[in-house]
Amino acid sequence: MTHPTARPLGKRVLLMGTCLCDAFYDDVARATVEVLEHLGYSVDYPEDQTCCGQPAFNSGEWSASRKVAKHAAEVFAGDLPVIVPSGSCAAMNRHGNLLQHEENPDPAITSLANRTWEVIDFIFNGIGIKSWPGRFEKPTRIAFHRSCHSRGTHTGEAVRTLLASIENAEVIPFGQQEQCCGFGGTFSVTFPHISGQMGTLKLDHILDTNPDMLCGIDMSCLMHLSGLAINQGRPIPHKHTIQILRDTLLS
Amino acid sequence: MIGNQLIDLYARTISDEKQHSVSDGAAAGTEKRYQVLHKDYQNPDVLRKLAASIKDHTLHHLGDYLAKAEKALVSRGVKVHFASTGDDAKQTILSILQGHGVTSLTKSKSMAAEEIHLNPFLIENGIECLESDLGEFIIQLDDDIPSHIVKPIIHKNRREIAKTFQREGIAADYNDDPETITRRARAYLREKYFKAQAGITGANFVCADTGRMLLATNEGNSRFGMAPVPLHIALVGIEKIIPREKDLSVFLNLLGRSATGQQLTVYTEFINGPRSANQPDGPEHMHVVFMDNGRTDVLASNCREILRCIRCGACQNVCPVYRQASGHAYRSTYGGPVGAVLTPLLFGDRFPELADLPKASSLCGACNEVCPVDIPIPDLLLRLRDKAHREHVHSPAAIPMSPFAILATSPSLWRTAMTMSKAMNHLPIQVAPIKPLQDWLGQRTLPESHGGDFRKWYKTRKKG
């Protein structure tokens, strides 16, 4: 499960906006459009899109998740790259979908898998932009939570390199970085105690290093962590990496 | 009503002391593994994938390699038995022991023996059966259950062990210095070794080409236990075969580093068969019991990759759920990620009893990342969740997904729902009569809904 090997040829891409951005984090989807347009890409957002199907897939209800995946494959049909501001949805398209179709492979599903890029991976490896001409007004220490669904992909390296190249930015290490934040979608609902403990531990490690902000590539992890942090009376500013790219560029 | 998962409920009941013992021990194991493995190998993935392919090849030709191993073992003077179930294995071992008039034996650590509860069975049948691995010995004294594959007492601290030793009369006084504890156990066990009439071991690997068997330990207990006895019985899962002796160079380099962060375990024993004419000591009789106990069913399933497992425990160490809940939460011999896959499968028809185990994961993938044989554990957990759903296994904590599927395949309905979700900003959703939502929001503050805002912006903006 790495990134697509073929470099994108044209300058048009499709945006898979994710259900979380649709419901809560509109600015992350917006930043994705703005950054890609700044890089010279035209971004189409197919309006019939809904969700990648992961909640049902992870719950083991593959009959339901295959229907949702099929819908997504139809909405994003064609040969344009599909860009998604989420490592988790990218992993669903690129890997989970193939797993749930392994007995009956579907060309539309396979095509979607081969064309899906997590957005930072796309910028770094797809387009080939290896440093970011951005600037923070004052020195900013960033804790980057890599998100588990980017394991085995090039996203983590891409984020670290791009962030580190921004003027006044410092990506700071923290303890047990390989550990999950405890969200896991429906896992956080059906295993509320363990999920909360995992998130608290992650916050302890992050806040120990006294960062100026928490950054990630999945709003799901950040929603869970920031939601816990607020209830624990230790809120932490947080942004998707694509927002940082846009904001440092514009300022 | 959606209820709670058993493992989550269990995790709430364990003491802070136990939880800290488990999570600290596990985290230390993860850290040590990383340091040692990455110091020696620039890209351990190459080695992990090679090991995986050797195991897959072996499993694909398991019948042939078992026959080959049997032939090689027999030619070395070993008696070979095949047991299709755990009960068969236990009966086979009992009758070998009875045939030799054994009333007392020592046993080194074996997950296969744990799997079939061999110890209590032999004790019930009048055979004194002493665990010689320090951790397992303490488990036996406390009538406890191992909670980790290589560190059976990861859930205990030294103060508890010192108390046990005092209670059991192994030590005259309380002393929780680790070295003193070890010396005391050693003094106590040493005498027992000489009373024993047989030694039981497991095996880490059996080489099909030569019939040589390999045991990795850190205490030398299996080797010591074998020296004075006339009979050695090895209980071996059929998946422990490797094709060639030279494949050990791959597996031994991974096993110690993955399990305990050691380049090699302190003792790496190669067993050539019973004592030969020119050997001064060692058992004159050697039996190998190859045990299936559900493994061929696993091999026939779509989760067969789990049979690559070499029982290193790295997935347990790294697993955030294991660290919170402990191995005991998994209600079976194998806890943690490997157990969540293997145990429900080994249970065969009783799969529904443990069908909740594969759900005890955020699917974070850390287990696959550290696995020395690259088992795609998250994929296997997902396949088992699918299996449970297809077989209509009742789950107390299932969130029904068909309403979601209807919504997510009806674009206009979806858009309406997104816009309507903004109503949440003005409603006291914390009091909505949905238990999981209340639990979730009890710990977390949900961000404000911006349902449909991006779509609106995208439609109305001027393209720059």
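Residues numbered from 1 in each chain as written. Chains lettered and ligands numbered in written order. Predicted model: local features only at pLDDT ≥ 70, side-chain atom pairs only at ≥ 80, totals over all residues. Heavy atoms only, no water.

Our focus in this paragraph is the overall build of chain B. From N to C terminus, chain B includes 22 helices and ten strands. Principal-axis analysis of the C-alpha atoms gives chain B an extent of 90 × 55 × 45 Å. Relative to its full complement of 464 residues, chain B shows a buried share of 57%. Counted over contacts in chain B with a minimum sequence separation of 6, partners at least 24 positions apart contribute 74%. Summing over all exposed atoms, chain B offers an accessible surface of approximately 20000 Å²; the carbon and sulfur share of this is 54%. (Helix = DSSP H or I, 4+ residues; strand = E, 2+ residues; numbered from the N terminus. Buried < 20%, exposed > 50% of the residue type's maximum accessible area, 1.4 Å probe, protein only. Contact = heavy atoms within 4.5 Å. Areas by Shrake-Rupley, 256 points an atom, 1.4 Å probe, with all protein chains shown as cover.)

Across its full length, chain A holds twelve helices and eight strands. By the compact-globule yardstick of 18 Å for 251 residues, chain A fits well, its C-alpha radius of gyration being 18 Å. Judged by the C-alpha coordinates and their principal axes, chain A covers about 50 × 45 × 30 Å. Burial analysis of chain A (251 residues in total) assigns 63% to the buried set. The long-range fraction of contacts in chain A, counting pairs at least 24 apart against all pairs at least 6 apart in sequence, stands at 80%. As displayed, chain A has an accessible area near 8700 Å², and 53% of this comes from carbon and sulfur atoms. (Rg over C-alpha atoms; globule rule 2.2 N^0.38 Å.)

All names here are of chain B. Strand order across the open sheet formed by four strands is β8-β5-β6-β9, with mixed pairing between neighbours. Two strands in the sheet have a free side with no partner beyond their single neighbour: β8 (241-242) and β9 (267-271). Judged from the two bridges that link them, strand β5 (residues 205-207) and β8 form a sheet pairing that is parallel. Bridged to C207 within β8 is I242. (Pairing = 2+ DSSP bridges.)

The subject of this paragraph is the interface of chain B and chain A. Counting residues at the interface gives 67 residues for chain B and 67 residues for chain A. Between chain B and chain A, a total of about 5800 Å² is buried, with carbon and sulfur atoms accounting for 60% of that surface. Summed over the three residues of chain B that lose the most area to chain A, namely M401, R444 and F454 of chain B, the buried surface amounts to 11% of that side. One can count eight salt bridges joining chain B with chain A. Of the charged contacts in the structure, one is a salt bridge between E37 of chain A and R461 of chain B, with a shortest N-O distance of 2.8 Å. Counting every contact that joins chain B to chain A gives 34 residue pairs in polar contact (both at pLDDT 80 or more). (Buried area = accessible area lost by both parts, 1.4 Å probe. Salt bridge = Lys/Arg side-chain N within 4 Å of Asp/Glu carboxyl O. Polar contact = N/O pair within 3.5 Å; in protein donor to acceptor, adjacent residues only side chain to side chain.)

On to the domain arrangement of chain B, then. Considered domain by domain, chain B is made up of domain 1 (6-14 + 296-390), domain 2 (41-293) and domain 3 (408-460). In this structure, domain 2 of chain B and domain 3 of chain B have C-alpha centres spaced 56 Å apart. (Domains from an automatic or database assignment.)

What follows concerns the side chain of R308 of chain B. All names here are of chain B. Here R308 lies in the loop between α13 (295-300) and α14 (314-318). For R308, a relative accessible area of 8% translates into the label buried. Every residue in contact with R308, bar those within four places of it in the chain, is listed here: A52, K55, D56, L59, V373, D374, I375 and P376.

Residue and element names in this part refer to chain A. Assigned domains within chain A: domain 1 (12-126) and domain 2 (130-250). Of the residues lining the interface, 27 residues belong to domain 1; the matching set on domain 2 comes to 23 residues. Both sides together, the interface formed by domain 1 and domain 2 hides about 2300 Å², and carbon and sulfur atoms give 69% of it. It is Y25, I120 and F124 in domain 1 that bury the most area against domain 2; as a group they hold 30% of the surface buried on that side.

Right, let's get into the sheet that holds strand β6 (residues 167-172) of chain A. Residue and element names in this part refer to chain A. Strand order across the open sheet formed by four strands is β6-β5-β7-β8, with parallel pairing between neighbours. Looking at the sheet topology across the chains shown, the edges are occupied by β6 and β8 (238-240). In this sheet, neighbouring strand axes are inclined to one another by 35° on average, regardless of whether the strands run parallel or antiparallel. Pairing geometry for strand β7 (residues 213-216) and β8, over three bridges, is parallel. Along β8, the bridge assignment pairs G216 with H240. On top of the sheet, helix α11 (residues 219-231) reaches β7 and β8; it is set at about 175° to β8, its chief contact. (Axes fitted to C-alpha atoms, helices over the stretch in contact; angles between N-to-C directions.)

So, on to the nonpolar core. Ranked by internal contacts, the top residues of the largest apolar core, which has 113 residues, are I194 of chain A together with I7, F205, V206, V288, F290 and I306 of chain B. A total of seven residues in this core trace back to one element, the largest contributor, which is helix α12 (residues 248-260) of chain B. Each residue touching I306 of chain B, except ones within four places of it in the same chain, is listed here: V298, V338, V341, L342, L345, I375 and L380 of chain B. Core analysis: the second largest hydrophobic core is formed by 72 residues, V13, L39, I142 and A143 of chain A among them. (Core = buried A, V, L, I, M, F, W, Y, C linked by side-chain atoms within 4.5 Å.)

What follows concerns helix α22 (residues 453-460) of chain B. Within the sequence span of α22 of chain B, burial applies to D453, F454, R455, W457 and Y458 of chain B. Each element contacted by the buried residues of α22 of chain B is listed here: β1 (12-15), α1 (19-23), α2 (26-38) and β2 (42-44) of chain A together with α20 (411-420) of chain B.

Moving on to the environment of H61 of chain B. By the secondary structure assignment, H61 of chain B is in the loop between α3 (44-60) and α4 (62-75). For the pair H61 of chain B and P243 of chain B, spaced 182 residues apart in sequence, the C-alpha to C-alpha distance is 9.6 Å.

The next thing to look at is the packing of aromatic side chains. Residue and element names in this part refer to chain B. One pass over the full model with this rule turns up 15 aromatic pairs over all chains. Aromatic pair F137 and F165: ring centres 6.2 Å apart, planes at 70°, arrangement edge-to-face. Remark: F165 occurs in helix α9 (residues 158-167) and F137 occurs in helix α8 (residues 134-142); sequence separation between them is 28 residues. By relative accessible area, which is 1% here, F137 ends up buried. Of the residues examined, F165 reaches a relative accessible area of 2% and is grouped as buried. Aromatic side chains F454 and W457 sit 5.7 Å apart centroid to centroid with 35° between the ring planes, which places their arrangement in the tilted category. One end of the pair is F454 and the other is W457, both in helix α22 and three residues apart, which spans about a single turn. (Phe/Tyr/Trp six-rings, centres within 6.5 Å; stacked < 30°, edge-to-face > 60°.)

Turning our attention to the pattern of salt bridges. All names here are of chain B. Across all of its chains, the model carries 48 salt bridges over all chains by this definition. The partner of D87 in a salt bridge is K90, and the shortest N-O contact between them spans 3.7 Å. Of the two residues, D87 and K90 are both situated in helix α5 (residues 86-99); the distance of three residues between them amounts to about one turn of the helix. For D87, a relative accessible area of 52% translates into the label exposed. A salt bridge links D453 to K422; its shortest N-O distance comes to 2.7 Å.

Moving on: unusual backbone geometry. With glycine set apart, most residues show a phi of negative sign, and most peptide bonds adopt trans. All names here are of chain B. Of note, the phi angle at S326 is positive, near 75°, even though the residue is not glycine. Residue position: S326 is located in the loop between α15 (320-325) and α16 (336-346). In this structure S326 comes out as buried when scored by relative accessible area, which is 1%. Residues other than glycine seldom take positive phi values, yet L363 does so here, at roughly 60°. Locating L363 in the fold gives a position in the loop between α16 and α17 (366-370).

Okay, the pairing of β6 of chain A next. All names here are of chain A. The pairing of strand β5 (residues 135-144) with β6 spans five bridges and is classified as parallel. Within β6, the residue paired with A143 across the bridge is I172. Taking the sense of rotation as the criterion, the β-α-β connection linking β5, helix α8 (residues 155-164) and β6 turns out right-handed. (Right-handed = clockwise from strand over helix to strand, strands pointing away.)

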